[in-house]
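Now for the letters of each chain:
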Amino acid sequence: MTQNPLPFTQFVVKVHSRCDLACDHCYVYEHADTSWRSRPKTITDAVLTRAAERIGEHAAAHGLTGVRVVLHGGEPLLAGPERLRRAAEAFRAALPPGCAIDLRIHTNGVLLGPAFLDLFAELDIQVGVSLDGDRAANDRHRRYADGRSSHPQVLRAVGLLRRPQYRHLYAGLLCTIDVENDPVAVYEALAELDPPAVDFLLPHATWEDPPKRPADRGENPYADWLLTVYDRWEAAGRPFAVRTFDSVHRTRHGLSSLTESLGLEPAALVVLETDGSFEQADSLKTAYDGAPATGLDVFAHSLDEVARHPGMAARQSGLAGLSAACRACPVVRSCGGGLYAHRYRDGGFDHPSVYCGDLMDLINGIAARSEQPPAPPAAAAPAPAVPAQPVGPPGPAGLTERQLDELARGHGGADTVRALARAQLALTRTMLAAVRTTSGLARSAAWELLTELDTAAPAAVDEVLAHPYARAWAARRLGGDPAAGLGPLAGLAAAAAVLAGRGDTVAVPARNGVLHLPTLGRLDLGAGAREALVTGAAEGLTVRTADGAAVPLAGPHWQPVRRVALAGGWELVLEDVDPQRDSHELPVADRLGEPEFASWSWGLREAAELLDRDLPEYAAGLRAGLTTVTPLRPGPPGRDVSAAARQAFGAVGIARPATAPTLALLLAHEFQHVKLGAVLDALDLYDPADTAWYDAPWRPDPRPIKGLFQGTYAHLAVTAYWGTRVRAHDGLPGEAAEYARARFALWRRYTAEAVERLAGSGSLTPVGLRFADGMRATVAPWLAVPLPRAAEAAAERDRARRRPVVTG
């Protein structure tokens, strides 16, 4: 049993205890537990207020940098918009400075309409929807009490979530498996809805009440069903995240699981019922009546007391908490014994999962389809917490004092980076207005439409103008680049019109026979084509030639912008069609083939999870501000290539590296340049008249003050990364451990020297000195980490050669 339980980071809050559907596979109403009958239908203000206070206290006591709160039920929408508003506002207000909140709601979707979605957009609540596939599959279980289908209502709800103004709220779909449903039909029905993520869940069952296993479906039908879906998903290039499949891949290669039902990571979730009682995971309701109960409540008990409950401790005990059969199993590090509730038998949980054979076949089946053999997991200690600064009034550039201090230390949480993004969007708008003024566009039809849409559909205009390369074009135009024509302005207007869906038509010039629509894609109209008419209506995008002939948006002529869905609702554009993407001043890659896109997608998903786990002080800002990754052409063998662009906030350019950890490092490194560029657009950190050149420890040639500042700031993330590698290899022998220690020794020394060189330059403004102090405070703990003499000696040899390796 765990002596010092880990803090909770996920809170499932039951805002309503009843449901408007009568799903016959529901663990709340149809399984062993009957506690719902005696609970209030709706959570009260008193419970909400005290729950928010408890979560805030818990976050402050443990220095949490983020928590996830899921509004749940029953059906949470039955609580009504005002109750949901009070809940969201209470939880957000109760958190301490420096702790971000990921607010979500999980719904069956039948009540989900524009009014709720407008509320969720205002409150930044992401929405997950339960859907078991096509109508036949969904109607097998998810019906109203009178037998009516819920499928049309759910499709309508998901259709709303896919609209441009709500797309950012779309968290994904949850599908409960029934092996009598056709797995291909289920997969295709869900994929058609373009979800960012899908959870395929095993139906809750125990050894006492086992899952159905039809005689004609084989010995392990759930594995067969999932592997059929897996093959379809792989063939499609993994178009969305699937936590089960992603978790198997991750755990086989030493990374953490993304779900409690797999892997050995300790559970960090607690449930709050409508009456204020704390419970263990909801899935335990399938074991026996009262199984999830703790006897603790929000009024009389702290969350630390809940964490010490024996049931909670059991779910945090990892390998030691599994049965002897599980501990001896060759796939235990991926399987983790399965979901805790599924182990119940003869009054206890010291057993393998009732899905043991299915989990074994699933993991081995995925392994057989993978190219790389599994590797043992690396133990990594948590990164040192960054002390939170008190929230103060807005300071320079509209940033609060806390936000400015976060940036000064090289970090920047979600709210800080969003503040930078808002300022950058305002700057883009200012630059576009300057283009209009200097280019004689007073009566431009494209400009007039943009102006009209900015009033009628501002979210659509913002989405297009926030694309990094919209500003890149404006900067080139204002800088007198002869190649920066005015055609892209019409492209921006057309893209905004498509997102607005009002039926507006825009004439867009083609360049060399190619039509480009920012955020949407590129269409080859054929040699000699000079213009196309683009219409954006509710039913989608249509393109016609100047003589009115429709151009099909299909086949190799149409290359849509492709997005990669990452865990936690993060979505990145993998930009390989925008003509302005060469702003990074390095050769860009051509359009990626499907295998290359799949490889990028997998790498980005792995990198995102590594950043969340090992570099949380950088990951929160990346999630809030990095929207676009532009593939670059590879450099010479052994050299990783990456770049940021000052006029393209939100984008980084990277040549696909060999490993996901290196990709994570490049993302963090280049986004440091992006953040600092945004700061420099608003604040002077050094004297712009300084013409001196300064020694940059990592380069053989001197740098201007601007280059030294940018390099130092970026290398904070590089040093932090190598620090995590040192912790991951703590006490371990081998070349990888030695290499990590040598890199950390080198980069902490380089970065510390560069900070002092900046501070002593005499060129920094008061705000620049504040940044130097912040960076010094970040470096100081690194300098105190003891390292073997061999690591220091290796670092000294690299330093003498002035040939440091930034990545690895």
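Residues numbered from 1 in each chain as written. Predicted model: local features only at pLDDT ≥ 70, side-chain atom pairs only at ≥ 80, totals over all residues. Heavy atoms only, no water.

Asker: I keep staring at the nonpolar core and nothing clicks. Help me out?
Answerer: Nonpolar side chains tend to gather and get buried jointly when the protein is soluble and globular. Ranked by internal contacts, the top residues of the largest apolar core, which has 101 residues, are Leu71, Leu84, Phe91, Phe120 and Phe200. With 8 residues, helix H7 (residues 221–235) is the largest single contributor of residues to this core. Ranked by size, the runner-up nonpolar core spans 78 residues in total, among them Leu420, Leu566, Leu667 and Val767. (Core = buried A, V, L, I, M, F, W, Y, C linked by side-chain atoms within 4.5 Å. Buried < 20%, exposed > 50% of the residue type's maximum accessible area, 1.4 Å probe, protein only. Helix = DSSP H or I, 4+ residues; strand = E, 2+ residues; numbered from the N terminus.)

Asker: Whenever I open this one, the environment of leucine 626 confuses me. Can you help?
Answerer: Tracing the sequence through the fold places leucine 626 in the loop between helix H21 (616–625) and strand S19 (628–631). Among the residues examined, leucine 626 registers a relative accessible area of 1% and is labelled buried. In sequence terms leucine 626 and glycine 650 are 24 residues apart; their C-alpha atoms lie 4.5 Å from each other. Sequence-distant contacts of leucine 626, defined by excluding residues within four places in its chain, comprise Trp570, Leu572, Gly621, Gly650, Ala651, Val652, Leu667 and Phe671. (Contact = heavy atoms within 4.5 Å.)

Asker: Teacher, can you tell me more about the side chain of histidine 58 here?
Answerer: You can see histidine 58 is positioned in helix H1 (residues 45–62). Polar contacts involving the side chain of histidine 58 include one to the main-chain amide nitrogen of phenylalanine 8, which spans 2.9 Å. Aside from chain neighbours lying at most four places away, what touches histidine 58 is Pro7, Phe8, Phe11, Leu64, Leu303 and Asp304. (Polar contact = N/O pair within 3.5 Å; in protein donor to acceptor, adjacent residues only side chain to side chain.)

Asker: So what exactly am I meant to see when it comes to the pattern of salt bridges here?
Answerer: Two side chains carrying opposite charge are able to pair once their charged atoms lie near each other. Summed over the entire model, instances satisfying the criterion amount to 57 salt bridges. Glutamate 89 is the salt-bridge partner of arginine 85, the closest N and O atoms lying 3.4 Å from each other. Of the two residues, arginine 85 and glutamate 89 are both situated in helix H2 (residues 81–94); the distance of 4 residues between them amounts to about one turn of the helix. Its relative accessible area of 40% is what places glutamate 89 among the partly exposed residues. Two residues, aspartate 139 and arginine 135, come together in a salt bridge whose shortest N-O distance is 3.3 Å. Here arginine 135 and aspartate 139 lie together in helix H4 (residues 135–139), a separation of 4 residues that amounts to about one turn. The exposure class of aspartate 139 is buried, given its relative accessible area of 9%. What makes arginine 135 partly exposed here is its relative accessible area of 44%. (Salt bridge = Lys/Arg side-chain N within 4 Å of Asp/Glu carboxyl O.)

Asker: Got a minute to help me understand the pairing of strand S5 (residues 170–176) in this structure?
Answerer: For a regular strand, side chains alternate in direction, first toward one face of the sheet and then toward the other. Burial analysis of S5 places 7 of its 7 residues in the buried class, the great majority of the element. Judged from the 4 bridges that link them, strand S4 (residues 125–130) and S5 form a sheet pairing that is parallel. The partner of serine 130 across the bridge, within S5, is leucine 174. With 4 bridges connecting them, S5 and strand S6 (residues 197–201) associate as parallel partners. Counted as the bridge partner of leucine 173 is valine 198 from S6. This β-α-β element, S5 to helix H6 (residues 183–191) to S6, shows right-handed connectivity. (Pairing = 2+ DSSP bridges. Right-handed = clockwise from strand over helix to strand, strands pointing away.)

Asker: In this structure, what is going on with the sheet that holds strand S10 (residues 293–297)? I would like to understand it.
Answerer: Whether parallel or antiparallel, the strands of a sheet pair through hydrogen bonds between backbone atoms. Reading across the sheet, the 10 strands line up as S7-S6-S5-S4-S3-S2-S1-S8-S9-S10 and stay open at both edges, with mixed pairing between neighbours. Each edge of the sheet is formed by a strand with only one pairing partner; in this case those strands are strand S7 (241–242) and S10. Strand direction decides the pairing type here: S6 and S7, joined by 2 bridges, are parallel. Looking at the pairing, alanine 197 lines up with alanine 241 of S7. Here helix H3 (residues 114–123) sits on the sheet and contacts strand S3 (100–107) and S4; the angle it forms with S4, its principal contact strand, is near 135°. (Axes fitted to C-alpha atoms, helices over the stretch in contact; angles between N-to-C directions.)

Asker: Hey, could you run me through unusual backbone geometry in this one?
Answerer: Excluding glycine, residues mostly carry a negative phi; peptide bonds, for their part, are mostly trans. Cis geometry marks the peptide bond from glycine 73 to glycine 74; its omega dihedral reads 20°. Although it is not a glycine, arginine 238 sits at a positive phi angle of roughly 50°. By the element assignment, arginine 238 lies in the loop between H7 and S7.

Asker: I tried to follow the confidence of the model for the protein on my own but got confused; where do I start?
Answerer: A low pLDDT means the predicted coordinates there should not be read in detail. Per-residue pLDDT for the protein has a mean of 87; in total, 94% of the residues score no lower than 70. Contacts from residues 371–396, a stretch scored under 50 in pLDDT, to residues over four places away or in other chains number 49 contacts. Note that residues 803–808 has pLDDT below 50 and, in this model, 25 contacts with residues that lie over four places away or in other chains. (pLDDT = per-residue confidence, 0-100.)

Asker: Can you help me understand the packing of helix H15 (residues 414–438) against H21 in this one?
Answerer: Axes are the key here: two packed helices are described by the angle between their axes and the distance separating the axes. Orientation of H15 relative to H21, taken along the N-to-C sense of each, is 35°, at an axis distance of 8 Å. Between H15 and H21 the crossing geometry is right-handed. Listed contacts from H21 to Ala414, Val417 and Arg418 of H15 are Ala620, Gly621, Ala624 and Gly625. Taken together, the residues of the contact of H15 with H21 break down into 4 nonpolar, 2 polar and 1 charged. (Left-handed = near helix turned anticlockwise from the far one by under 90°. Nonpolar A, V, L, I, M, F, W, Y, C, P; charged D, E, K, R; others polar.)

Asker: What am I meant to see in the packing of aromatic side chains here?
Answerer: Ring pairs (aromatic) are described by centroid distance and by the angle formed between their planes. Going through the model one piece at a time under the given rule, you end up with 17 aromatic pairs. Judged by centre distance (5.7 Å) and plane angle (75°), the ring pair of tryptophan 722 and tyrosine 739 falls under edge-to-face. On the criterion of sequence distance, the pair formed by tryptophan 722 in helix H23 (residues 705–728) and tyrosine 739 in helix H24 (residues 735–759) is long-range, its members being 17 residues apart. Take tryptophan 722: its relative accessible area is 3%, and that puts it in the buried class. Through a chain of ring-to-ring contacts, three or more aromatic side chains come together here, namely Phe200, Trp225, Tyr230, Trp233 and Phe245. The ring of tyrosine 144 has arginine 148 sitting right over it, with the charged end atom 4.1 Å from the ring centre. (Phe/Tyr/Trp six-rings, centres within 6.5 Å; stacked < 30°, edge-to-face > 60°. Lys NZ or Arg CZ within 6 Å of the ring centre and 35° of its normal.)

Asker: It is not clear to me how H2 should be interpreted in this structure. Could you clarify?
Answerer: Since one α-helical turn is 3.6 residues long, residues separated by three or four positions face the same way. End to end, H2 covers 20 Å across 14 residues, agreeing with the expected 20 Å (1.5 Å per residue, within 8%). Along H2, the residues classified as buried are Arg83, Leu84, Ala87, Ala88 and Phe91. Considered in projection along H2, the buried side chains sweep an arc of 130° and stay on one side of the axis. The inward-facing, buried residues of H2 contact strand S1 (10–14), H1, strand S2 (66–72), S3, H3 and S4. (Expected span 1.5 Å × (residues − 1). Arc of directions from axis to C-beta.)

Asker: How should I be thinking about the pairing of S4 in this particular structure?
Answerer: A large share of S4 lies buried, amounting to 6 of its 6 residues. Handedness of the crossover is the feature at issue here: the chain leaves S3, passes through H3, returns alongside S4, and the resulting connection is right-handed.

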